[in-house]
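Structural overview for review
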Amino acid sequence: MQLYFTRHGKTQWNLEGRFQGREGDSPLLEESYAEIALLGEYLKDVPFAAIYTSSAKRAVRTAETLAQQLNEKVPIYALDELREFGFGQLEGRKFVEVNQEFPKSARMRDRLDLYDPTPFDGEKPGQMLRRIEEVVTAACQRHFDEGPVLFVGHGAAFSASIPWLMGKPLAKLRETGGLKNSSLTILETEDAILPYKLSVWNDTHFLEKNS
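First, a word on scope: everything that follows refers to the structure included in this document.

So, how was this worked out
- Residues numbered from 1 in each chain as written.
- Predicted model: local features only at pLDDT ≥ 70, side-chain atom pairs only at ≥ 80, totals over all residues.
- Heavy atoms only, no water.
- Axes fitted to C-alpha atoms, helices over the stretch in contact; angles between N-to-C directions.
- Helix = DSSP H or I, 4+ residues; strand = E, 2+ residues; numbered from the N terminus.
- Left-handed = near helix turned anticlockwise from the far one by under 90°.
- Contact = heavy atoms within 4.5 Å.
- Nonpolar A, V, L, I, M, F, W, Y, C, P; charged D, E, K, R; others polar.
- Salt bridge = Lys/Arg side-chain N within 4 Å of Asp/Glu carboxyl O.
- Buried < 20%, exposed > 50% of the residue type's maximum accessible area, 1.4 Å probe, protein only.
- Pairing = 2+ DSSP bridges.

This part takes up the packing of helix α5 (residues 125–142) against helix α6 (residues 155–165). Remark: α5 packs on α6, axes separated minimally by 10 Å, with the N-to-C direction vectors making an angle of 65°. The crossing of α5 and α6 is right-handed. Between α5 and α6, the contacting residues are Met128, Leu129, Ile132, Glu133 and Val136 on the first element and Ala157, Ala160, Ser161, Trp164 and Leu165 on the second. Considered class by class, the residues forming the contact of α5 with α6 number 8 nonpolar, 1 polar and 1 charged.

Pasting the structure below:
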């Protein structure tokens, strides 16, 4: 079975270099819809059993736009558990400001075992990893005999939780780097039991048509 993952299209806050997080949200940029459509065109023949998306509007709009390009109608399930990492008081603020006030917050991008979100009331890594793992593993088991599943979510959450599903420890979850907007990552499993195997990471070659 194959599990497909994509990060939502680029938003205004992405452009401005702001933390979005679990509660923050920003509209997709107009040009992002064209990139999402290119991803959908690339995936149009994949017989998805379901699409699971974060309930954040930027992710839902990405899932809906992508689904319009598929050859077959696919059910979409929007879940709070697939929302972005919760950044508490940082949400909506610019990266440059936050790096000065909370320099250790940058650990979120390289060493999650050293990342402490307590000073700004953020979500702990373990909490985020557990909620996403529960959704993905449940969906994998539910649709195992039906076909591939697509997950639409967020950069920080997926960049950490996908390696987690591959069996990597907390200290090494960000070694492979981040995920680009509208990129494609694929995990595979033969028995729906963790850990899963990585076959594609952060692929964006299909977006070159829009460059």
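A word on the pattern of salt bridges. Overall, the coordinates contain 12 salt bridges when judged by the stated rule. Here Glu41 makes a salt bridge to Lys44, at a shortest N to O gap of 3.1 Å. Here Glu101 makes a salt bridge to Arg93, at a shortest N to O gap of 2.7 Å. Glu101 gets classed as partly exposed once you look at its relative accessible area, which sits at 47%. Note on Arg93: relative accessible area 24%, which makes it partly exposed. Several salt bridges converge on common partners, so that one network encompasses Arg22, Glu23, Glu123 and Arg131.

Turning to the sheet that holds strand β5 (residues 184–188), a few remarks are in order. Here 6 strands make up an open sheet; going across it, the order is β3-β2-β4-β1-β5-β6 and the pairing mixed. Two strands in the sheet have a free side with no partner beyond their single neighbour: β3 (76–79) and β6 (197–203). For this sheet the average axis-to-axis angle between neighbouring strands, irrespective of direction, equals 15°. Relative to β5, strand β1 (residues 2–7) runs antiparallel, the two sharing 4 bridges. Paired with Phe5 across the bridge in β5 is Thr185.

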